[in-house]
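Next come the chains, spelled out residue by residue.
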Number of protein chains: 2
Amino acid sequence: MKKIKRSGRLVDMTYFLIQRPHQLVSLSYFSERYQSAKSSISEDLTIVKEIFESQGIGSLLTTAGASGGVKYVPMVNEQEGRQLVKELCEKLEDKERLLPGGYLYMMDILGRPKHLNEIGRLFAAVFSQQKIDAVMTVAMKGIPLAYAIASHLDVPVSIVRRDHRVTEGSMVSINYVSGSAKRIQTMSLARRSLPEGSNVLIVDDFMKAGGTARGMMDLLAEFKANVVGIGVLVEAQDVEERLVDDYVSIARLAEVNQKENRVQAVPGNFLDKLKEVTQK
Amino acid sequence: MKKIKRSGRLVDMTYFLIQRPHQLVSLSYFSERYQSAKSSISEDLTIVKEIFESQGIGSLLTTAGASGGVKYVPMVNEQEGRQLVKELCEKLEDKERLLPGGYLYMMDILGRPKHLNEIGRLFAAVFSQQKIDAVMTVAMKGIPLAYAIASHLDVPVSIVRRDHRVTEGSMVSINYVSGSAKRIQTMSLARRSLPEGSNVLIVDDFMKAGGTARGMMDLLAEFKANVVGIGVLVEAQDVEERLVDDYVSIARLAEVNQKENRVQAVPGNFLDKLKEVTQK
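As the structure is a computational prediction, the values presented were derived from the model and not from experiment.

Here we take up the overall build of chain A. Secondary structure summary: chain A contains nine helices and 13 strands in total. With 280 residues in all, chain A has 44% of them scored as buried. By sequence separation, contacts in chain A at least 24 residues apart represent 64% of the contacts at least 6 residues apart.

Now for the relation of the copies chain A and chain B. Take chain A, turn it by 180°, move it 0.0 Å along the axis, and it overlays chain B with an RMSD of 0.0 Å. Taken together, the rotation angle and the small translation identify this as a two-fold axis.

All names here are of chain B. Along its 14 residues, helix α6 (residues 113-126) runs 20 Å from first to last C-alpha, staying within 8% of the 20 Å computed at 1.5 Å per residue. Counting buried positions over the 14 residues of α6 gives ten, a clear majority of the element. Listing the buried residues of α6 in full gives Pro-113, Leu-116, Ile-119, Gly-120, Arg-121, Leu-122, Phe-123, Ala-124, Ala-125 and Val-126.

Our next topic: the domain arrangement of chain A. Accessible area lost during the coming together of the parts is what is often quoted as the interface size. All names here are of chain A. When its domains are assigned, chain A resolves into domain 1 (6-74) and domain 2 (78-278). On a C-alpha basis, the centres of domain 1 and domain 2 stand 32 Å from each other. Each side of the interface is counted separately: domain 1 has seven residues, and domain 2 has eight residues. Across the side of domain 1 that touches domain 2, the residue classes tally to three nonpolar, three polar and one charged.

Here we come to the sheet that holds strand β1 (residues 24-26) of chain B. Remark on secondary structure: sheet strands pair via backbone hydrogen bonds, oriented parallel or antiparallel. Residue and element names in this part refer to chain B. Pairing within the open sheet is antiparallel, and its three strands lie in the order β1-β3-β2. Edge positions in the sheet fall to β1 and β2 (58-63), since each has one partner strand and no second. Recorded for the sheet is a direction-independent mean angle of 25° between the axes of neighbouring strands. As paired strands, β2 and strand β3 (residues 69-74) are joined by six bridges and run antiparallel to one another. Pairing of Leu-61 across the sheet is with Lys-71, part of β3.

With that settled, the discussion passes to the sheet that holds strand β11 (residues 226-235) of chain A. Residue and element names in this part refer to chain A. With mixed pairing, six strands are arranged side by side in an open sheet as β7-β6-β10-β11-β12-β13. Of all strands in the sheet, those with a lone pairing partner are β7 (157-160) and β13 (262-267), marking the two edges. Shown here is a sheet whose adjacent strand axes are inclined to one another by a mean of 25°, direction ignored. Where helix α7 (residues 142-153) meets the sheet, it contacts β6 (134-138), β7, β10 (199-207) and β11, and its direction lies at approximately 175° from that of β6.

In this assembly, 43 residues from chain A lie in contact with 43 residues from chain B. Elements that contribute at least two residues to the side of chain A that touches chain B include exactly α1 (6-18), α3 (38-54), α6 (113-126), α7 and β7 of chain A. In terms of residues, the side of chain A that touches chain B owes the most to one element, α1 of chain A, which gives nine residues. Partitioning the side of chain A that touches chain B into residue classes produces 23 nonpolar, twelve polar and eight charged.

Counting residues in each nonpolar core, the largest one holds 130 residues, and the members touching the most others are Val-135 and Ile-149 of chain A together with Val-135 and Ile-149 of chain B. Residues contacting Val-135 of chain B, with those up to four places away along its chain left out, are Ala-146, Ile-149, Ala-150, Leu-153, Val-155, Val-157, Leu-201 and Val-203 of chain B. Listed in part, the 34 residues of the second largest apolar core include Phe-30 of chain A together with Leu-10, Leu-45 and Ile-51 of chain B.

All names here are of chain B. Where helix α4 (residues 78-92) contacts helix α9 (residues 270-278), the two axes come as close as 10 Å, and the packing angle between them is 165°. One way to sum up the angle between α4 and α9 is to call them roughly antiparallel. Considering how the two elements wind past one another, α4 and α9 form a crossing that is right-handed. Residue-level inspection shows Glu-78, Gly-81, Arg-82 and Val-85 of α4 in contact with α9, the latter providing Phe-270, Leu-271 and Leu-274. Residues belonging to the contact of α4 with α9 are distributed by class as follows: four nonpolar, one polar and two charged.

This paragraph deals with the environment of Gln-79 of chain B. All names here are of chain B. With respect to the helices, strands and loops of the structure, Gln-79 is situated in helix α4. Judged by C-beta crowding, with 9 C-beta atoms within 10 Å, Gln-79 ranks as exposed. Put simply, Gln-79 and Phe-16 are 63 residues apart on the chain and 26 Å apart in space, counted from C-alpha to C-alpha.

For the rest of this paragraph, the subject is unusual backbone geometry. Residues and elements named next belong to chain A. For the bond running from Ala-139 to Met-140, omega is 5°, close enough to zero to count as cis. The backbone of Asp-154 sits at a positive phi, close to 55°, despite the residue not being glycine. A tally of 18 C-beta atoms within 10 Å means that Asp-154 is categorised as partly exposed.

Looking now at the environment of Ile-149 of chain A. Residues and elements named next belong to chain A. If you trace the backbone, Ile-149 turns up in helix α7. Overall, Ile-149 belongs to the buried group, with 28 C-beta atoms counted inside 10 Å. Leave out the neighbours within four places in its chain, and Ile-149 touches Gly-120, Phe-123, Ala-124, Val-135, Val-203 and Gly-231.

Position of Pro-100 of chain B among the secondary structure elements: in the loop between α4 and α5 (107-110). Each C-alpha atom, one on Pro-100 of chain B and one on Gln-258 of chain B, is 7.9 Å from the other, the two residues being 158 residues apart in sequence.

Per-residue confidence for chain A gives a mean pLDDT of 93, with 98% of residues at or over 70. With a pTM of 0.96, the predicted complex shows an ipTM of 0.95.

Here the focus is α7 of chain A. Residue and element names in this part refer to chain A. A rise of 1.5 Å per residue sets the reference length of α7, with its twelve residues, at 16 Å; its end C-alpha atoms lie 17 Å apart and thus fit the reference within 8%. Where burial is concerned, most of α7 is hidden: twelve out of the twelve residues are buried. When we look at burial in α7, the residues that qualify are Gly-142, Ile-143, Pro-144, Leu-145, Ala-146, Tyr-147, Ala-148, Ile-149, Ala-150, Ser-151, His-152 and Leu-153. Phi turns positive, to about 55°, at Asp-154, one or two residues after α7.

Now for the pairing of strand β3 (residues 69-74) of chain A. All names here are of chain A. Of the two faces of β3, the one lined by Val-70, Tyr-72 and Pro-74 is fully buried and the one lined by Gly-69, Lys-71 and Val-73 carries no buried residue. As paired elements, strand β1 (residues 24-26) and β3 share three bridges and run antiparallel to each other. Following the sheet pairing, Val-25 is matched in β3 by Val-70.

Reading the values: the criteria
Residues numbered from 1 in each chain as written. Chains lettered and ligands numbered in written order. Predicted model: local features only at pLDDT ≥ 70, side-chain atom pairs only at ≥ 80, totals over all residues. Helix = DSSP H or I, 4+ residues; strand = E, 2+ residues; numbered from the N terminus. Buried ≥ 20, exposed ≤ 12 C-beta atoms within 10 Å, placed from the backbone. Contact = placed C-beta atoms within 7 Å. Least-squares fit on C-alpha atoms with pLDDT ≥ 70 in both. Expected span 1.5 Å × (residues − 1). Domains from an automatic or database assignment. Nonpolar A, V, L, I, M, F, W, Y, C, P; charged D, E, K, R; others polar. Pairing = 2+ DSSP bridges. Axes fitted to C-alpha atoms, helices over the stretch in contact; angles between N-to-C directions. Core = buried A, V, L, I, M, F, W, Y, C linked by C-beta atoms within 7 Å. Parallel < 35°, antiparallel > 145°, perpendicular 65-115°, else oblique. Left-handed = near helix turned anticlockwise from the far one by under 90°. pLDDT = per-residue confidence, 0-100.

The structure is reproduced here in structure tokens:
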């Protein structure tokens, strides 16, 4: 890249860092990329850091020394978090999503990459201080959310399947009891899709009793993996006995009343969890 | 937002535009956001545009007049496109991915959000000049690619299913003949997941004879939708009769030889298609 002025560097640097969340980029790299002195690069980074932090885009962590560099960590400020939670609750309360049997149509929410990317940043912020090697979810509706989160953490996604396909090689399967329906089901994960001993964040779009999440935890035990956390977009209310107790949720269904055609959603525990992280 | 200097504006503006591909943002909006004169905002945008274009990040289209504004269109330059195609081919040639029956394990490629986002930008660039309302794919392995593309086009994703779930409301189903295996199968799409008359980009991870793509086209006819294009990550070689003829592929399998444990991949037609678009 030819030598460019500070104004140009700031544009390129912002784009560059945003494409590489949670990656350490050395000052030397930028210094060579822009053919500029490290002192100038440091000043550039101070400007980027100030805007990223004041706008709630994320933090810019700098490490000193010979191997020194900078790392962009996507974050969210409380105000933006609160706004996104509120918007999700309002969307959930749209009566049009009520389906026979009290199910909720969710694909309008899960089908919008832009909205999901914002939600992904919420989870990435809450789990930003943990060591995470992979995000795991179960096909199919958890997939978009898992990718949105994983892309902000810069880690791969492992997809658990309820069927068994020939195109995945050897698979590890377990049986689990779906918490609400109490039915025995099978889930499988390709052996090669997750290295043993990985630190894994479990993600799903919806959690009722938590049987599926519990199943994923059991499956992870087969991979000697460590469950770092569980993130769900929406959790159900009125659950007699939850099979998992530590999770982060964006919204909670307070009421789904088909007879009176009413859905009521309230914030999940996300904002409390965010506060814990940012006050650390 | 309080008044900030040009350097800060450039950082915030870059982030802001990147989060909103294909959206028209008015000069007045930026002028208010930064409490700065429109003439200063115009100068800022000239700097952003120069870097976006010289770095192959994308174009910044400006429209004049009272409703004037700026739109970020993700693009890719030929050099970067060539590099990404080459990397994919090399990955595909890794013998470890050969599975019994000549299938290829692909989840290591499809499981990396960062890599997929780059691939998504390739497709978004090729289809950047078409009017697209939605990206459609079939569960499950097409999903990550569909989201990666849709997020660069800022449109929703419609997911076709091979099963039938109670949580999607009324669905439209069709039968189709899987081109290679000549088996009759069913695919369904939730009625409300796609408005009638939409302009749709069909996406899949792999195409052999094109039976699945053909099926999606038939399904789209039921929605009175218009097929804008077809994008596949990898296409197979040695297909007697392809059921679709106009598509964009990133890579093509030239040989899959299980006996001799060899996979050979060559570039698909993507680079030619990109040239057509950028030379327009």
